[in-house]
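# Secondary and tertiary structure notes
These are the residues of each chain, in order.
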Amino acid sequence: MRINDNICPNNYYKPNNKVEFLTSEEVTAKEAEIILNAKDTIHIAKYSFNSMLLANLLVKKAKEGVKVRVVIDPLSLQGAGKEWEKRKYVIQYLKENGVEVETFPYVPTDKNANLSNFSKPYSTSFYTVNQDNDYENKSNYQLMHSKYVSVDGKRAVISGVNWSDGSFKNVDSGIYVEGKVVDDLEKDFWFLFKKSGGKDYEYVPRAEDAGNSCASLLIADKVFSKTSYSAAVYNAVANAKNNIYISAFVLSDPYLIKLLIQAKNKGVKIYVILDPNKSPDYSNPNYDTAQKLKEAGIIPRWYKVETYDTSLSNFLHTKLLITDDTLIVGSGNFSHKGLRINHEVGIETNDKEAISKAIQYFKTIWEENTSTIPYLPPPPSNPQTIRK
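Residues numbered from 1 in each chain as written. Predicted model: local features only at pLDDT ≥ 70, side-chain atom pairs only at ≥ 80, totals over all residues. Heavy atoms only, no water.

Turning to the pattern of salt bridges, a few remarks are in order. All chains considered together, the criterion is met by 15 salt bridges. When the shortest N-O distance is used, the salt bridge between E26 and K357 registers 2.9 Å. Placement of the pair is E26 in helix α1 (residues 24-36) and K357 in helix α9 (residues 352-368), with a sequence separation of 331 residues. K357 sits in the partly exposed class, given a relative accessible area of 30%. The salt bridge partner of K187 is D184, with a shortest N-O separation of 4.0 Å. With a gap of three residues between them, K187 and D184 both fall in helix α4 (residues 181-195), about one helical turn apart. Accessibility expressed as a relative area gives 45% for K187, which makes it partly exposed. One connected set of salt bridges, linked through shared partners, spans K14, D184 and K187. (Salt bridge = Lys/Arg side-chain N within 4 Å of Asp/Glu carboxyl O. Helix = DSSP H or I, 4+ residues; strand = E, 2+ residues; numbered from the N terminus. Buried < 20%, exposed > 50% of the residue type's maximum accessible area, 1.4 Å probe, protein only.)

Below is the structure:
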C-alpha cells in the first residue's frame, strides 16, 4: 500500500518504507538472512570486523557471482592482541576470495595532527596501522564508525552491532528497512567506498516502495557543516511532550544533556540507561553525565555488567533514543564525536509499531537488568574498553 507523500510530518522524511525495530538477538540474524538472499550486490560498512563465520558467508555469496564490497575502519581492534591478528587474517581471506575490501583513510580531527605514528598516512592499505599506537590516538582521528548491511540496493540493516567476536554478546539494537530510504544508504556507501580508495562506480537508484512508514537516513561526518544525525537527535528531545527514553553506551554531548534537562523542567519524563564499563586506559564520561543529570532531578539507571572477560563482552552498546513519536537508532554514540565528527549512520522513523517494540525493549532492560548504583566486577589485566 502506498501512502500519500504529504502524510510524513517533515520534508526530510521519505514515505513508503517498511521498517522493523531489531533487538540484539535479531540484528545479526536479519543481516545473515538478507545476505543469504542477495542476488546482485552486498554493501557493508562495519567499524569492526573479524568474524570468520560472517566472512565465510560473504565469500560464499562472492563465489555465487554477487558483488560483495566492504568498508572498514583502520583503527578498530587496534592493540587488541589476538582480536587484531584475527582481523588481519579475515580481511586478507576476504580479499583473496573475491570480496572488495577498502579501509577508510586516516582523517585527523585536527588538521595539524601528527601522522608520523603511521607508516603510510592516508593509505588505504590495511597493513599500515602500527598496533603499538596507544588508545588515545583513536581520539585524534575521525572513525568510520558506521554499522550497516545493504543488499541489492533495496533492503538494509542499520545498527550499532560490530562484526567482532565480543560484539555479539553486547546489548544492542538496530533497524531493518526497505524502501526509498535505502537509496540514501547506497549513496552513503559509495561515498565511503570511493573515499577509502575503492573504484568509483556509477550509482543507480534501485529501491522500491515497500510499505507505509516514514523514515529518514541520518548521517554524521566532520566534512559536513551540519549533520542530519545531531539535528535529528536534538530536535527529537527538544520537541518531546511526554516521555524520552535513552539507552546509551556513551552519553556526553553537552548540548544534548542541556536539552534533556530543559525537557525535564518542562514536565517531560526522562528515562536514561547508561553503560558503566571503565578501564585504567579510559575514564567513562557517563559518570560525569550521571552526576549532572542527578543534580537536575533526572535519576539514570546503570546496566548491570556480568563480566569484564573480553571473550564474554557484556556492554550496553546501544545508541537508542525514543520519544512520543520518534525512534532514532544507529551507530552514533550520544557524544560530540559520535554526533558530529565520526562517520555515523542511523535511521529516524515515526513508525508506531517500531516505536512500541523499541519502548518495550527499553523497559525490559530497565526493569530486569539495571540498578541505580553502577556495579562493576573486577577488571581484567588488559582491558579493551574504548569509547568514541
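So, next bit.
With that out of the way, let us pick up the pairing of strand β14 (residues 319-323). Taken across its five residues, β14 has five buried, putting it largely inside the fold. The two faces of β14 match: K319, L321 and T323 on one face and L320 and I322 on the other face are all buried. Both strand β11 (residues 243-248) and β14 contribute to a ladder of five bridges, which runs antiparallel. Bridging across to β14, S247 finds its partner in L320. Bridge count between β14 and strand β15 (residues 327-330): three bridges; the pairing is antiparallel. In the strand pairing of β15, L321 is matched with I328. Hairpin connection from β14 to β15: three residues lie between these consecutive antiparallel strands. (Pairing = 2+ DSSP bridges.)

Before going further, it helps to examine the state of the cysteines. Summed over all chains, the structure comprises one disulfide. Here C8 engages in a disulfide with C214; their sulfurs sit 2.1 Å apart. The sign of the -95 degrees torsion about the S-S bond sets the C8-C214 disulfide as left-handed. With a gap of 206 residues between them, C8 in the segment before β1 (14-23) and C214 in strand β10 (residues 213-220) connect regions that are remote in the sequence. Of the two residues examined, C8 and C214, each falls in the buried class. (Disulfide = S-S within 2.5 Å.)

Now for the confidence of the model for the chain. Per-residue confidence for the chain gives a mean pLDDT of 87; residues scoring 70 or more make up 84%. Here residues 116-136 is modelled with pLDDT under 50, and outside its nearest four sequence neighbours on either side it reaches 54 contacts, counting other chains as well. Below a pLDDT of 50 lies the segment residues 382-386, which in the model reaches 16 contacts outside its immediate sequence neighbourhood of four places, other chains included. (pLDDT = per-residue confidence, 0-100. Contact = heavy atoms within 4.5 Å.)

For helix α7 (residues 286-295), the full list of buried residues reads N286, T289, A290 and L293. With its buried residues spanning 100 degrees around the axis, α7 presents them on a single face. Exposed residues lying more than 90 degrees from the buried face of α7 are D288 and E295. The inward-facing, buried residues of α7 contact β11, α6 (254-265), β12 (269-274) and β13 (301-303). Downstream of α7 by a residue or two, G297 has a phi angle that is positive, lying close to 90 degrees. (Arc of directions from axis to C-beta.)

Moving on, we get to the packing of helix α5 (residues 228-238) against α6. Viewed as axis vectors pointing N to C, α5 and α6 meet at an angle of 15 degrees, and their least axial separation amounts to 9 Å. Here α5 lies roughly parallel to α6, going by the angle between them. Considering how the two elements wind past one another, α5 and α6 form a crossing that is left-handed. Between α5 and α6, the contacting residues are V233, Y234, V237 and A238 on the first element and Y255, L256, L259, L260 and A263 on the second. (Axes fitted to C-alpha atoms, helices over the stretch in contact; angles between N-to-C directions. Parallel < 35°, antiparallel > 145°, perpendicular 65-115°, else oblique. Left-handed = near helix turned anticlockwise from the far one by under 90°.)

Another point: the environment of S51. With respect to the helices and strands, the residue S51 is situated in the loop between β2 (41-46) and α2 (52-63). Each C-alpha atom of the pair S51 and K86 lies 8.4 Å from the other, and the pair is 35 residues apart in sequence. In this structure, S51 is in contact with V90, W163, D165 and F168, ignoring residues within four places of it in sequence.

Attention shifts here to the pairing of β2. Across the six residues that make up β2, a large majority, six, are buried. Neither face of β2 is left uncovered, since the one carrying T41, H43 and A45 and the one carrying I42, I44 and K46 both have all their residues buried. Judged from the six bridges that link them, β2 and strand β3 (residues 67-72) form a sheet pairing that is parallel. Paired with A45 across the two strands is V71, which belongs to β3.

What follows concerns α2. End to end, α2 covers 16 Å across twelve residues, agreeing with the expected 16 Å (1.5 Å per residue, within 8%). Restricting attention to buried positions, one finds in α2 the residues L54, A55, L57, L58, V59, K61 and A62. Elements in contact with the buried residues of α2: α1, β2, β3 and α3 (82-96). Following α2 by one or two positions, G65 has its phi on the positive side, about 105 degrees. (Expected span 1.5 Å × (residues − 1).)

This part is about the packing of aromatic side chains. Per the counting criterion, the structure on display carries 16 aromatic pairs. For the pair F49 and W163, a centre-to-centre distance of 5.1 Å together with 80 degrees between the ring planes defines the contact as edge-to-face. Linking F49 in the loop between β2 and α2 with W163 in the loop between β8 (155-159) and β9 (173-178), this pair joins segments that are 114 residues apart in sequence. For the pair shown, F49 and W163 are each scored as buried. Ring-pair connections join several aromatic residues into one group, and the members of that group are F189, W190, F193 and Y201. Stacked on the ring of Y176, the Lys or Arg K30 has its end atom at 4.4 Å from the ring centre. Over the face of the ring belonging to W366 we find R301, whose NZ or CZ atom lies 5.5 Å from the ring centre. (Phe/Tyr/Trp six-rings, centres within 6.5 Å; stacked < 30°, edge-to-face > 60°. Lys NZ or Arg CZ within 6 Å of the ring centre and 35° of its normal.)

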